[in-house]
Amino acid sequence: MDLTLTGLAFSAAPGEAAGVALNGKREAWLAAGRGFLEDPKKPKAVHDEKVARLALAAAGIELGGVVHDTALYSYLLQPTTAKHALEDVAVRRLSLRLSGSVAEKADFVGRLAGLLRPEVEGQELVTVFEAIEQPLAAVLAEMEQTGVRLDPRALEEMSAEFDKEIDALTRRTYQLAGVEFNLNSPKQLGEILYEKLQLPLPRRRGKTQAASTAADVLEELAELHELPARVLEYRELAKLKSTYIDVLPAKIHPRTGRLHTSFHQTGTATGRLSSSDPNLQNIPIRTELGNRIRAAFVAEPGWQLLGADYSQIELRVLAHLSDDPVLVEAFQRGEDIHARTAQEVLGVPPLGQTGEHRRVAKMINFGIIYGLTAYGLARRLGIEPAEAQRYIDAYFRRYAGVKEFREQLLEEVRGMGYARTLFGRRRPIPEIGSRNANQRNFAERTALNSPLQGTAADLIKLAMIEIHRRLRQEGLRTRMLLQVHDELLFEGPETEAGRATELVKAAMERVQLPGGVRLKVPLVVGTGLGPNWAALK
DNA sequence: CTGGAAAGCGCC
DNA sequence: AAAGGGCGCTTTCCAG
């Protein structure tokens, strides 16, 4: 089909998806497709630009022919703005409101493409758009449509079991409090802890100065009284039950029998994806009970799940961007980075290191990525701020390249007003020049973190595009299911698991930066196969 | 009854 | 004055 597409819009009736393509003469074609997924919770409409792409494909319009995407343009230009649906962008950029007709949408898309494309070009965002976001959209659409299999019976069993335990913990807590109250209410719990039981009031936190009952506070109070200990147990169970155990089975699609998340490509300030309805990027893994929920994500009979994750990707990006000799050398030699930091900062040679040394070093490494303060590190390590400050000073002495990088980066962001990833993706940080120290400190943490988190996001997105292409090229049936920031989940026939593993690992390790740039440090990828998501060892 | 803010917490 | 970056979901609580 000979179309010069200059835009994409979307509109949908129940069970139907429609794509609108627009050419240079502002004539619109409507391509409708039936049989796309309906959201059982929202039977009204599909309403998603990725589905519109599939509708176009169904009508024989090549996805490769699409050259503009106004939602993605708008996002790349203003990633800290929340909404990029056509309605929102039209109001923001054209001061025009949609009346609803498909032809009007097509018209607006055309006008917006003409307005936004030159801005994208002027801000050197074309590479990010063409090499990353545009090709990624179709990959995400396919992942959403594929969905992931969930064993609802496993969760139903857990539901009954959790009910019993939650009930027992509730009764025990009431007994310890000497009164019944709403355990889900931090306000009521605070009254019990700090008034009735006279437990020591923690430092007031947050803008409301409410008496905190957060987990780290309760952990300390648990040394003094049984009640906070039981509340912590109650909270873990209640959280898992209300957020996952009771919700996920209800979201299994009646026609596919699988769970279909939505991946949002225009939802984060840094370039990461997000996931919702349900969010499959926050499935529990940390605790024993949580891991049982993860184990309910399973492969079809005769198939296996394949997991692949980047190891320490943000620290590797930091090594590349900063060119710090110690950090680069450590990664080039394949060292355990937390052990190396323990050696550099705590002065303990690898063979003399205890678990505690490593825990502290790990906290410091993570803290660096997030722009830690002495106070924050002290609170997390349970030490004095002065001691934490000595660690931070020691870190920047030993990793002088990181210190230098941070200073140059802040200087650049002050001058430009935005931070950039290795690929040129931007994040505006206007508060970097604020006279309010609070705002400015926050901005400086953002300025350091955004290029690290954002470059890591760029890298895995590139890997996803390449993996999708190669799986297809090799004729494999293995399909991509989920992305969880530095991890990918696949499902495929057992018979091709070996080939798929090699393909995925190779693509992730050899991910090519636009312009043929190579990272100064290797990208290390771990893989695992198993019948369920918790068993990918 | 609905919407939104807050608190809290799941993940990377 | 706050005190580590990025998300989404649940519950409570309160205002309209």
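Counting restarts for each chain: residues are numbered from 1 in the order of the written sequence. Lettering of chains starts at A and numbering of ligands starts at 1, both following the order in which they are written. Selection of residues for local features in this predicted model requires a pLDDT of at least 70, selection of side-chain atom pairs for listing and counting requires 80 or more, and totals for whole chains, interfaces and linings are taken over all residues. Derived side-chain values reflect all non-hydrogen atoms in the structure, with water molecules and hydrogen atoms excluded from consideration.

## A short note on the sheet that holds strand 12 (residues 487-493)
DSSP calls a pair of strands paired once it identifies at least 2 bridges connecting them. Strands are runs of DSSP state E lasting at least 2 residues, helices are runs of H or I lasting at least 4, and numbering of each runs from the N terminus. The antiparallel open sheet is built from 4 strands, whose spatial order is 11-12-8-13. If you trace the sheet from one side to the other, it starts and ends with strand 11 (479-483) and strand 13 (525-530), each paired once. On average, each strand axis in the sheet is tilted by 20 degrees relative to the strand beside it, whichever way the strands run. Where strand 8 (residues 303-310) lies against strand 12, 7 bridges are found, and the strand directions are antiparallel. In the strand pairing of strand 12, G307 is matched with L489. Inter-axis angles, ranging from 0 to 180 degrees, are taken between N-to-C directions of lines fitted to C-alpha atoms, where helices are fitted over the stretch in contact.

## Here we look at the packing of aromatic side chains
A pair of aromatic rings is counted whenever rings of Phe, Tyr or Trp (Trp by its six-membered ring) have centres within 6.5 Å, and the orientation is called stacked for planes under 30 degrees apart, edge-to-face for over 60 and tilted otherwise. Under the defined criterion, the tally for this structure stands at 6 aromatic pairs. Among the aromatic residues, those joined into a ring-pair cluster are Y395, F396 and Y399. Seen from the ring of W533, R294 lies directly overhead, with NZ or CZ sitting 4.1 Å from the centre. Two conditions define a charge located above a ring, namely a distance within 6 Å from the ring centre to NZ of Lys or CZ of Arg, and an angle within 35 degrees of the ring normal.

## A closer look at the protein's contact with DNA strand B
We call a residue near a molecule or strand as soon as one heavy atom of that residue lies within 4 Å of the molecule or strand. Near DNA strand B there are 21 residues, and of these T208, T213, K239, I285 and D486 occur at the shortest range. Of everything in DNA strand B that lies within 4 Å of the protein, sugar and phosphate atoms constitute 82%. Within 3.5 Å is the distance limit for a polar contact, defined as a pair of N or O atoms, with the added protein rule that one can donate a hydrogen and the other accept it, and that residues adjacent in sequence qualify only through two side-chain atoms. A distance of 2.8 Å is found between a base oxygen of DNA strand B and a side-chain nitrogen or oxygen belonging to R272. Think of it as three bins: nonpolar holds Ala, Val, Leu, Ile, Met, Phe, Trp, Tyr, Cys and Pro, charged holds Asp, Glu, Lys and Arg, and polar takes everything else, Gly as well. Across the surface near DNA strand B, the residue classes break down as 9 nonpolar, 6 polar and 6 charged.

## Describing helix 17 (residues 400-416)
Compared with the 24 Å implied by 1.5 Å per residue over 17 residues, the 24 Å span of helix 17 between its first and last C-alpha is a close match. Should any heavy atoms of two residues lie within 4.5 Å, those residues are considered in contact. Those residues of helix 17 that are buried lie in contact with helix 11 (313-322), helix 12 (325-332), helix 14 (355-370), helix 16 (385-398), strand 9 (418-420) and helix 18 (437-473). Helix span, as expected, comes to 1.5 Å for every residue beyond the first.

## Here we look at the packing of helix 13 (residues 337-346) against helix 14
Relative orientation and spacing of two packed helices are given, respectively, by the angle between their axes and the distance between those axes. At a minimum axis distance of 8 Å, the contact between helix 13 and helix 14 shows a crossing angle of 95 degrees. Here helix 13 is positioned roughly perpendicular relative to helix 14, judged by the angle of their axes. Counting all contacts with helix 13, which are made through I337, H338, T341, A342, V345 and L346, the residues of helix 14 involved are H357, R358, V360, A361, K362, I364, N365 and F366. Classifying every residue of the contact of helix 13 with helix 14 gives 8 nonpolar, 4 polar and 2 charged. Should an angle fall under 35 degrees it is taken as roughly parallel, and over 145 as roughly antiparallel, whereas 65 to 115 is taken as roughly perpendicular and any remaining angle as oblique.

## Side note on unusual backbone geometry
With the exception of glycine, most residues fall at negative phi, and the peptide bonds are largely trans. The omega angle of the peptide bond from D277 to P278 is 0 degrees, so this bond is cis rather than trans. With respect to the helices, strands and loops of the structure, P278 is situated in the loop between strand 6 (274-276) and helix 10 (288-294). With a phi angle near 55 degrees, D277 is a residue other than glycine that sits in the positive phi range. Positionally, D277 belongs in the loop between strand 6 and helix 10. Relative accessible area decides the class of each residue, using a 1.4 Å probe on protein chains only: under 20% of the type maximum gives buried, over 50% gives exposed, and in between gives partly exposed. Take D277: its relative accessible area is 39%, and that puts it in the partly exposed class.

## Comments concerning the protein's contact with DNA strand C
DNA strand C sits among 34 residues. The nearest are S185, G367, G376, R380 and F442. Take the atoms of DNA strand C that sit within 4 Å of the protein: sugar and phosphate atoms are 62% of them. At 2.8 Å, a side-chain N or O of S274 approaches a phosphate oxygen of DNA strand C. Q453 places a side-chain nitrogen or oxygen 3.0 Å from a sugar or linking oxygen of DNA strand C.

## Notes on the domain arrangement of chain A
Reported domain spans reflect what an automatic or database domain assignment gives. Domain boundaries in chain A define domain 1 (11-146), domain 2 (152-249), domain 3 (261-313 + 458-535) and domain 4 (314-454). Contacts between domain 1 and domain 3 engage 22 residues on the former and 25 residues on the latter. When domain 1 packs against domain 3, the two sides together hide about 2,000 Å² of surface, and 63% of this comes from carbon and sulfur. Salt bridges are defined as contacts in which a side-chain nitrogen from Lys or Arg sits within 4 Å of a carboxyl oxygen from Asp or Glu. Across the contact surface, domain 1 and domain 3 share 2 salt bridges. K461 serves as the salt-bridge partner of E133, at 2.7 Å between the closest nitrogen and oxygen. Applying the counting criterion to the domain 1 and domain 3 interface returns 7 residue pairs in polar contact (both at pLDDT 80 or more). Accessible-area loss on putting two parts together, using a 1.4 Å probe and summing over both, is the definition of buried area adopted here.

## Notes on the packing of helix 12 against helix 13
One way to put it is that helix 12 packs onto helix 13 with a least axis distance of 10 Å and a crossing angle of 140 degrees. Here helix 12 is positioned oblique relative to helix 13, judged by the angle of their axes. Where helix 12 crosses over helix 13, the two elements pack in a sense that is right-handed. Contacts between helix 12 and helix 13 involve V326, L327, E329, A330 and F331 from the former and I337, R340 and E344 from the latter. Partitioning the contact of helix 12 with helix 13 into residue classes produces 5 nonpolar, no polar and 3 charged. Put simply, a crossing is left-handed when the front helix is turned counterclockwise from the back one by less than a right angle, and right-handed when it is turned clockwise.

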